[in-house]
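Structural overview for review
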Amino acid sequence: MVVEEKVVPLKTKTLNDLIRLAAATAGPQGMTYILKFHDEKGRLILGVLGVFRDYYKYYGVPMLYYYVVDESIRDSVEESNYIIVSTGEERIEFSKHPKPGLSIPLIYLASKPVFIPALE
């Protein structure tokens with residue numbers, strides 16, 4: 001029997017907190033993306049996977065920073081492929097296509113990965 005290790009879920013207080021994290025990790029050397037999926041309760045989740053390196057005896061602790069999408073913006077997030085971050089101010093926009101500014105891709109998963117535990 002194979003036992004999957006789980007990521008450590010870390011819920012962000014706001015969507016902007018999650019977007020700031022994704023924007024901070026975006027750079028010319030790497031590709032940043034945000035996962036989009038439904039959890040077992042049917043909620044729409046946005047999340048960024050990361051690794052907390054060199055934690056005591058561990059080589060790294062896998063983490064999921066996530067946000068449960070508010071019902072007020074759920075339809076907009078469902079239909080979007082990108083989150084656009086304005087570089088001069090903290091303003092975000094959901095879009096089907098990339099636009100000027102930082103365009104972070106939203107990757108819509110068919111289902112919640114098995115390595116993500118139940119979320120609060």
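Each remark here, short or long, concerns the structure printed above.
Residues numbered from 1 in each chain as written. Predicted model: local features only at pLDDT ≥ 70, side-chain atom pairs only at ≥ 80, totals over all residues. Heavy atoms only, no water.

Structural notes on the pattern of salt bridges
In total, this model carries eight salt bridges according to the counting rule given. Linking Arg74 and Glu71 is a salt bridge whose minimum nitrogen-to-oxygen distance equals 3.5 Å. Across the pair Arg91 and Glu89 runs a salt bridge whose closest N-O atoms are separated by 3.9 Å. Each of the salt bridges in this network shares a partner with another, and the network as a whole consists of Asp17, Arg20 and Glu90. (Salt bridge = Lys/Arg side-chain N within 4 Å of Asp/Glu carboxyl O.)

Focus: a nonpolar patch on the surface
Taken together, the side chains of Met31, Tyr33, Leu49, Ile107, Val114 and Phe115 present a nonpolar region at the surface, about 550 Å² in accessible area. If you trace the backbone, Tyr33 turns up in the loop between helix H1 (15-25) and strand E2 (34-38). Owing to a relative accessible area of 38%, Tyr33 belongs among the partly exposed residues under this scheme. (Patch = residues over 30% accessible without salt bridge, like charges linked within 9 Å, V, L, I, M, F, W, Y side chains within 5 Å. Areas by Shrake-Rupley, 256 points an atom, 1.4 Å probe, with all protein chains shown as cover. Helix = DSSP H or I, 4+ residues; strand = E, 2+ residues; numbered from the N terminus. Buried < 20%, exposed > 50% of the residue type's maximum accessible area, 1.4 Å probe, protein only.)

Description of the side chain of Asp39
Structurally, Asp39 is set in the loop between E2 and strand E3 (44-53). A relative accessible area of 6% places Asp39 in the buried class. Within polar-contact distance, the side chain of Asp39 engages the side chain of Arg43 at 2.6 Å. Among residues more than four places away in sequence, those in contact with Asp39 are Ile45 and Lys112. (Polar contact = N/O pair within 3.5 Å; in protein donor to acceptor, adjacent residues only side chain to side chain. Contact = heavy atoms within 4.5 Å.)

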